[in-house]
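A look at the structure
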Amino acid sequence: MSRKSNKKKSGSALLIVIIIICIGVAAFAAYKLISIGLEYKAGEDEYARLQKYTYETNKPEKSDTVAGSEETADEPAEEEAVKPPIEVNFEELKAINPDFAGWLYVGAENISYPIVYSGDNDYYLHRTFERADNFAGTLFIEAKNKPDFNDPNTIIYGHNMKNQSMFGKLKFLYEFEDYKTDDEFWILTENGSYRYKMFNLEVTKATGEVYTLFSGPGENVKEYISDRIAESYVNLPVESYDENSKVVTLSTCSAADDERFVVQGILVGVY
């Protein structure tokens, strides 16, 4: 057999090997994409099911002043009582997961999810509310916090998902100036509905001062809030705050591995 024939055969064999490898790589990539897609859908489906345990609050319609009525320009209309935007079935959610601590609602981005507390910063990182393995995870409270949202700074973590679930839309508050639409968020618990006014939107280091925790009320809490207002990327004035103020920090991943995007709100009312 000639040397030219041997070269031709070995070249053909090499080409076949390369084609098989390429097919294998493509098949594995397709498998991974399908797996990721299915996992995304599983997470979305579960949290969609959980929405049935929340109910939109019916807001009363504002009536126009009728000519000839007793109300005059010197007598302003009575201000409507503040009501949480949703109601939550705490008993049912607690039965599904005893770690349930409250429900977060960010109106400007339609972010509406349960919050859990386990005393562990890893457990719910890639587990859903129903404790299924899923990289969407669950919104969870920092392990060093108490689960009642009464710490000076309570931190809630959530993934920045590519399908915009969990905290995937949180960044839109800054990027699209959605905070101008609604600069408040709510946390609903069995003990009350907590309303927060946003005062800080910023990208910070994963170990930044934003994540400072406090043992209790004190002057350093007031200084902390003042510093965070100064660092905010946008102007979100707060009418008043002091050493007894309570803050909630919503934290998610940013573009860089060592950076986080945070939204901070100060408690302005309990209902």
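You'll find the structure just up there.
Below is a short write-up of the structure. Within each chain, residue numbers correspond to sequence positions counted from 1 in written order. A pLDDT threshold of at least 70 governs which residues receive local features in this predicted model, and a stricter bar of 80 or more applies before side-chain atom pairs are shown or counted, although totals over entire chains, interfaces and linings include all residues. Side-chain metrics in this entry use all non-hydrogen atoms of the structure; hydrogen atoms and water are not considered.

Right, let's get into the overall build of the protein. Numbering of helices and strands runs from the N terminus, with a helix taken as a DSSP run of H or I at least four residues long and a strand as a DSSP run of E at least two residues long. Along its length, the protein carries four helices and 10 strands. Counting helices and strands in the order they occur from the N terminus, the protein gives α-β-β-α-β-β-β-β-α-β-β-α-β-β. Note on classification: 1.4 Å probe, protein chains only; a residue is buried when its accessible area is under 20% of the maximum for its type, exposed when over 50%, partly exposed between these limits. Burial statistics for the protein: of 271 residues in total, 41% are counted as buried. Partitioning the contacts of the protein with sequence separation of at least 6, the portion at a separation of at least 24 is 64%. The contact rule is simple, with two residues in contact once any of their heavy atoms fall within 4.5 Å.

Take the layout of surface pockets next. In this structure, the second largest pocket occupies an estimated 300 Å³ of space. The pocket and cavity definitions rest on a 1 Å grid over protein atoms only: a 1.4 Å probe that fits but cannot leave marks a cavity, an open set with protein on both sides within 12 Å along at least five of seven lines marks a pocket, and residues lining either have an atom within 4 Å of a point. Around the second largest pocket sit 14 residues that line it, and Leu125, Tyr157, Ser251, Cys253 and Arg260 are the ones nearest its centre. Of the residues forming the lining of the second largest pocket, the biggest block, three residues, is contributed by strand β9 (residues 247-253). Charged means Asp, Glu, Lys or Arg here, nonpolar means Ala, Val, Leu, Ile, Met, Phe, Trp, Tyr, Cys or Pro, and polar covers whatever is left, Gly included. By residue class, the composition of the lining of the second largest pocket is six nonpolar, six polar and two charged. Grid points are joined across faces, edges and corners, and a volume is the space filled by probe spheres set on the points.

With that settled, the discussion passes to the nonpolar core. Nonpolar side chains tend to gather and get buried jointly when the protein is soluble and globular. As used here, the term nonpolar core means buried Ala, Val, Leu, Ile, Met, Phe, Trp, Tyr and Cys residues forming a set that is joined through side-chain atoms within 4.5 Å. With 61 residues, the main nonpolar core has Leu104, Ile156, Leu173, Phe185, Leu201, Leu250 and Val263 as its most contacted residues. At six residues, strand β3 (residues 100-106) tops the list of elements feeding residues into this core. Discounting residues that sit within four places of it in the chain, Leu104 has contacts with Ile111, Ser112, Tyr113, Ile115, Leu139, Phe167, Phe185, Trp186, Ile187 and Leu250.

When a strand is regular, its side chains alternate between the sheet's two faces. Of all seven residues in β3, seven are buried, a share of seventy percent or more. Judged from the six bridges that link them, β3 and strand β4 (residues 111-116) form a sheet pairing that is antiparallel. Of the residues in β4, the one forming a bridge with Val106 is Ile111. Bridging between β3 and strand β7 (residues 184-189) involves three bridges; their strand directions are antiparallel. Pairing of Tyr105 across the sheet is with Trp186, part of β7. Strand pairing follows a simple DSSP-based rule, namely that at least 2 bridges must link the two strands.

What follows deals with a negative patch on the surface. Grouping into patches uses exposed residues only, defined as over 30% relative accessible area, and leaves out salt-bridged ones; the cut-off is 9 Å for like charges and 5 Å for nonpolar side chains (Val, Leu, Ile, Met, Phe, Trp, Tyr). Surface accessibility in these figures is a Shrake-Rupley result with a 1.4 Å probe; residues are shielded only by whichever protein chains are displayed. Just to be clear on terms, a salt bridge is a Lys or Arg side-chain nitrogen sitting within 4 Å of an Asp or Glu carboxyl oxygen. A positive count includes Lys and Arg, and a negative count includes Asp and Glu. His and the chain ends are not counted in either. Charge coordinates come from a single atom per side chain, which is NZ of Lys, CZ of Arg, CG of Asp or CD of Glu. The grouping of Glu219, Glu223, Asp227, Glu231 and Asp242 at the surface amounts to a negative patch. Looking at the element boundaries, Asp242 is found in the loop between α4 (219-231) and β9. A residue is classified by how much of its surface remains accessible, and Asp242, at 32% relative accessible area, is partly exposed.

To continue, consider α4. Here α4 spans 19 Å end to end across 13 residues, near enough to the 18 Å set by a 1.5 Å rise per residue. Of the positions making up α4, those classed as buried are Val221, Tyr224, Ile225 and Arg228. End-on view of α4: buried residues confined to an arc of 95°, all on one side of the axis. The secondary structure elements touched by the buried residues of α4 are β6 (153-157), β8 (192-205), β9 and β10 (259-270). One fewer than the residue count of a helix, multiplied by 1.5 Å, yields its expected span. Note that the arc is defined by the directions from the helix axis to the C-beta atoms.

Centre distance within 6.5 Å is the pairing criterion for rings of Phe, Tyr and Trp, where only the six-membered ring of Trp is used; planes under 30 degrees apart are then read as stacked, over 60 as edge-to-face, and the remainder as tilted. One pass over the full model with this rule turns up 11 aromatic pairs. With centroids separated by 5.4 Å and ring planes inclined at 90°, the aromatic side chains of Tyr47 and Tyr113 adopt a geometry described as edge-to-face. One end of the pair, Tyr47, is in helix α1 (residues 3-50); the other, Tyr113, is in strand β4, with 66 residues separating them in the sequence. Judged by centre distance (4.8 Å) and plane angle (80°), the ring pair of Tyr123 and Tyr124 falls under edge-to-face. Taking the relative accessible area as the measure of exposure, Tyr123 reaches 28% and is therefore partly exposed. Chaining the aromatic ring pairs together yields one cluster made of Phe90, Phe100 and Phe129.

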